[in-house]
Amino acid sequence: MKFLQFSVLPFLIVILSLDGETLAHPYGGFLHCLSLRISNSSTISKVIYTQNNPSYASVLNASIQNTRFSTPTTPKPYAIITPRKTSHVQSTIYCSKNHGFQLRIRSGGHDVEGVSYVSQVPFVILDLVNFRAVKVDTKNEVVWVQSGATTGELYYGIASKTQMLGFPAGICHTIGIGGHLSGGGFGILGRKYGLAADHIIDAKLIDANGRILNRKSMGEDLFWAIRGGGGNTFGVVLAWKIKLVPVPPVVTVFTVNKNLEQNATKIFHRWQYIAHKLPSDLFTAVWIMKVNSSQVGKKTVQAGFRGMFLGGVDELIPLIQQEFPELGLAKENCTQMSWVQSILYFGGLPIQPVEILLNRNALPRSSLKAKTDFVKEPMPETGIEGFMNMFLEEEADFAITMIEAFGGKMDEIQENELPYPHRAGILFESTYIVQWTNEEDAGTYINWIRRLYSYMASYVSKSPREAYYNYKDLDLGTNNVNGYTSYEQASVWGLKYFKNNFKRLVQIKTMIDPMNFFRNKQSVPPLWSP
Ligand code: FDA
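Residues numbered from 1 in each chain as written. Predicted model: local features only at pLDDT ≥ 70, side-chain atom pairs only at ≥ 80, totals over all residues. Heavy atoms only, no water.

If you check an unreviewed UniProt entry, the protein chain appears there as FAD-binding PCMH-type domain-containing protein from Gossypium stocksii. Under Subcellular location (unreviewed entry), UniProt gives the following word-for-word description of the protein chain: "Secreted, Cell wall". (UniProt positions renumbered as here; feature names shortened; annotations may be inferred.)

Put into structure tokens, the structure is as follows:
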């Protein structure tokens, strides 16, 4: 591999522009190395942020979604690199490798365990915030989207060109494309079209040797692995070519809230038998949370039944009346809108000009812990009651479980088509989230979600108890901070995330990055280690 050549003059400029820190710091060699390669001093100041830089904190915090990993005791990167060119990415890889730094790649910063910006060993962040172009080609119904773009920027880019095409990715509009597509990506078009990763048709990746690869040059094994096998594992994906899907000009969204006193348990019990069998044009979800009861001073638990139908309200109402009359859906619960507006609706935003999708700070941030489950058999009513009652506990004040129906297209795709294996036979996926405001109480809340998770054990998938990689859960196990992690050790979480695809991922990792340069606490390890 050939890295950029350099001359002596820019080297001197760099030394001066780094405030003397370069020479003084024990890891200064990294900065020397990178600065030499970037070579232009005005570019360096826009690309390298060391801890002495006044903008360091704001660049670091800009996309930290889980504030649990933004405390004074959270380990901080030695430097944040915000590349503006592909060669900056290659140089960052080269210099990190040669100067003993681990690399953390960050696109949207929504990793729920913070692995894109935290490490226990000396590290630098490669932040792709400047790689966010969205090039929509409506004629061929494809988009080249750079990893640092958010889903909101992608959705906006599509909708500003056409109302007839959409893309099946996640609900929250501030998630980064880089991490999201690396782990699968499920959203309100998932029952109709499958995952975001199912629609990737090409990619631009930089591997541990700095080679620039596309689908053809990387080969089908690696191309398979990067579509769901996890970020920070096989290389830096700079951009993805995705295939768009048809959407109608009008969709209908609805919410029907039922609390414990309004038969929420029974209606949810029934929903489990119906939701995965509904026509794939209809996506439904249930959001469980604690709310105020109609009795003053009392709390209850609410099941919010939410849906998005790819069609008009006049078609939706008779469909629900026939398939799920218990819900009691009425016209006043429904709103017709465009597909792109439905993203705002599901993101909990008021319906407003869709430019809000370009705002990366439009959603509140909090400290949180998440866990996931996949359910294959309907839960009995008593099981649901116990689950709901846990939301009446004090620690559940800011807790939510988002339950999303599967079936439809998800049933039609083979388990080994992509690394993401949770397909046929899954009734629904549950994402449990607990949030808190005072970091000192974190342990109490984390204990609550762990109790909820153990309570659910008998009702969810088993051997393995499957989990969704995009909501990482480090409770499931982690790689050793230093040194080798065996296949057996990594299988503990690897099989939960990837089932039988884990073995193939390990083989591909061994082939493309045998020295395990790209890694984090739950990345797929190679079969041996240096
Ligand atoms: P971030 O930048 O933190 O990266 C996540 C992981 O990918 C890290 O390991 C990182 O190193 C790696 N990575 C990032 N960019 C990379 C690149 N270019 N090349 C290689 N590796 C890269 N999921 C879902 O399926 N449907 C949903 O609706 C939602 N909704 C949602 C809402 C909220 C508020 C949160 C916090 C999370 C979700 N998610 C989700 C989960 C989300 O898909 C997941 O956290 C993604 O990894 C986030 O991607 P980011 O790029 O934002 O994360």
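(A) Seen up close, the UniProt feature "domain: FAD-binding PCMH-type" (unreviewed entry) in the protein chain. As annotated in UniProt, the feature "domain: FAD-binding PCMH-type" (unreviewed entry) corresponds to residues 73-247 in the numbering used here. Segment residues 73-247 splits into 26% helix and 25% strand. End C-alpha atoms: 46 Å apart. (Helix = DSSP H or I, 4+ residues; strand = E, 2+ residues; numbered from the N terminus.)

(B) Looking closely at the pairing of strand 12 (residues 251-259). In terms of burial, strand 12 is a largely internal element, 8 of the 9 residues being buried. Bridge count for strand 12 against strand 15 (residues 334-337) is 4 bridges, and the pairing is antiparallel. Bridging across to strand 15, V251 finds its partner in M337. Pairing of strand 12 with strand 14 (residues 299-309) involves 8 bridges; the strand directions are antiparallel. Within strand 14, the position partnered with K258 by the bridge is A303. (Buried < 20%, exposed > 50% of the residue type's maximum accessible area, 1.4 Å probe, protein only. Pairing = 2+ DSSP bridges.)

(C) Representation of the nonpolar core in the model. Among the nonpolar cores identified, the biggest contains 134 residues, and I226, W240 and W271 are the most heavily contacted of them. If one sorts the elements of this core by residue count, helix 16 (residues 442-456) sits on top with 8 residues. Excluding anything up to four places from it in sequence, I226 contacts L181, S182, A203, L205, M218, F234, V237 and W240. In this structure, C33, L34, I81 and F131 belong to the second largest nonpolar core, which totals 27 residues. (Core = buried A, V, L, I, M, F, W, Y, C linked by side-chain atoms within 4.5 Å. Contact = heavy atoms within 4.5 Å.)

(D) Broad picture of the site of the ligand. Around the ligand sit 32 residues, and of these I105, S107, S116, H180 and Y468 come closest. Backbone polar atom of I171 to an oxygen atom of the ligand: 2.8 Å apart, as the coordinates give it. Between an oxygen atom of the ligand and a main-chain N or O atom of N470, the distance comes to 3.2 Å. Protein chains bury 94% of the 950 Å² of accessible surface belonging to the ligand in isolation. Among the elements of the structure, strand 3 (102-106), helix 8 (177-183) and strand 10 (236-243) are those that each provide at least two residues to the shell around the ligand. With 3 residues, the single largest contributor to the shell around the ligand is helix 8. (Near = heavy atom within 4 Å. Polar contact = N/O pair within 3.5 Å; in protein donor to acceptor, adjacent residues only side chain to side chain. Areas by Shrake-Rupley, 256 points an atom, 1.4 Å probe, with all protein chains shown as cover.)

(E) The pattern of salt bridges, seen in detail. Considering all chains together, one arrives at 28 salt bridges under this definition. Put simply, E466 and K376 hold a salt bridge, and the shortest N to O gap is 3.0 Å. Note that E466 is positioned in the loop between helix 16 and helix 17 (487-498) and K376 in the loop between strand 16 (367-375) and helix 14 (381-390), a separation of 90 residues in sequence. Sharing partners across several salt bridges, the network here consists of R68, E113, K369, K371, R450, D473 and D475. (Salt bridge = Lys/Arg side-chain N within 4 Å of Asp/Glu carboxyl O.)

(F) How the structure looks around unusual backbone geometry. Look at the link from S463 to P464: it is a cis peptide, with omega at 5°. On the secondary structure map, P464 appears in the loop between helix 16 and helix 17. Non-glycine residue E141 carries a positive phi angle of around 55°. Position of E141 among the secondary structure elements: in the loop between strand 5 (134-137) and strand 6 (142-146).

(G) Summary view of a nonpolar patch on the surface. Judged by side-chain polarity, Y484, L527 and W528 come together as a nonpolar surface patch covering roughly 320 Å² of accessible area. Judged by relative accessible area, which is 40%, Y484 ranks as partly exposed. (Patch = residues over 30% accessible without salt bridge, like charges linked within 9 Å, V, L, I, M, F, W, Y side chains within 5 Å.)

(H) Spatial organisation of the packing of aromatic side chains. Scanning all chains against the criterion turns up 26 aromatic pairs. Between Y345 and F346, the ring centres sit 5.7 Å apart and the planes meet at 70°, which makes this aromatic pair edge-to-face. Its end group placed over the ring of Y453, K371 keeps NZ or CZ at 4.5 Å from the ring centre. Between the NZ or CZ atom of R465 and the centre of the ring of Y453, over which it lies, the distance is 3.5 Å. (Phe/Tyr/Trp six-rings, centres within 6.5 Å; stacked < 30°, edge-to-face > 60°. Lys NZ or Arg CZ within 6 Å of the ring centre and 35° of its normal.)

(I) Expanded view of the sheet that holds strand 15. Spatially, 7 strands are ordered 15-12-14-13-17-18-16 in an open sheet, and the strand pairing comes out antiparallel. Both outer strands of the open sheet, strand 15 and strand 16, are each paired with one neighbouring strand and no more. Strand-to-strand twist of the sheet, defined as the mean angle between neighbouring strand axes without regard to direction, takes the value 20°. The sheet strands contacting helix 13 (residues 339-346) are strand 12, strand 13 (282-292), strand 14 and strand 15, and the helix crosses strand 12 at an angle near 20°. (Axes fitted to C-alpha atoms, helices over the stretch in contact; angles between N-to-C directions.)

(J) Main features of the packing of helix 10 (residues 215-226) against helix 18 (residues 501-512). Contact geometry of helix 10 with helix 18 gives a least axis separation of 10 Å together with a crossing angle of 120°. In this view, helix 10 runs oblique relative to helix 18, as classed from their interaxial angle. Like other packed secondary-structure pairs, helix 10 and helix 18 cross with a definite hand, here left-handed. Of the residues in helix 18, those in contact with E220, D221, L222, W224 and A225 of helix 10 are N501, R504, L505, I508 and I512. Split into classes, the residues belonging to the contact of helix 10 with helix 18 amount to 6 nonpolar, 1 polar and 3 charged. (Parallel < 35°, antiparallel > 145°, perpendicular 65-115°, else oblique. Left-handed = near helix turned anticlockwise from the far one by under 90°. Nonpolar A, V, L, I, M, F, W, Y, C, P; charged D, E, K, R; others polar.)

(K) Summary view of the sheet that holds strand 8 (residues 200-206). What the 5 strands build is an open sheet, ordered 5-6-10-8-9; its pairing is antiparallel. The strands lining the two open edges of the sheet, one partner per strand, are strand 5 and strand 9 (212-213). Examined bridge by bridge, strand 8 and strand 10 share 6 bridges and lie antiparallel to one another. When the sheet's bridge partners are listed, A203 is paired in strand 10 with W240. Its contacts with the sheet place helix 7 (residues 151-159) against strand 5, strand 6 and strand 10, and it is angled at close to 35° to strand 5.

(L) Spatial organisation of the environment of I93. Locating I93 in the fold gives a position in helix 6 (residues 86-98). We classify I93 as buried; its relative accessible area is 0%. Sequence spacing of I93 and D207 is 114 residues, and the spatial spacing of their C-alpha atoms is 8.6 Å. What I93 contacts, discounting residues up to four positions off in sequence, is L103, I206, D207, A208, V236, F517 and F518.

(M) Quick look at the layout of surface pockets. One number sums up the size of the second largest pocket: a volume of about 320 Å³. If you trace the second largest pocket, you find 19 residues lining it, with K97, M515, N516, F517 and R519 closest to the centre. (1 Å grid on protein atoms, 1.4 Å probe; cavity = no way out; pocket = protein on both sides within 12 Å on 5 of 7 lines; lining within 4 Å. Points joined across faces, edges and corners; volume = space filled by probe spheres on them.)

(N) Layout of the state of the cysteines. Under the criterion given, the structure shown has 1 disulfide. Residue C33 pairs covalently with C95 via a disulfide, S to S 2.0 Å. Between C33 and C95 the sulfur-sulfur dihedral comes to about -80°; the bridge is accordingly left-handed. With C33 in helix 3 (residues 28-38) and C95 in helix 6, the pair connects residues that are 62 residues apart, well separated along the chain. By relative accessible area, which is 9% here, C33 ends up buried. (Disulfide = S-S within 2.5 Å.)

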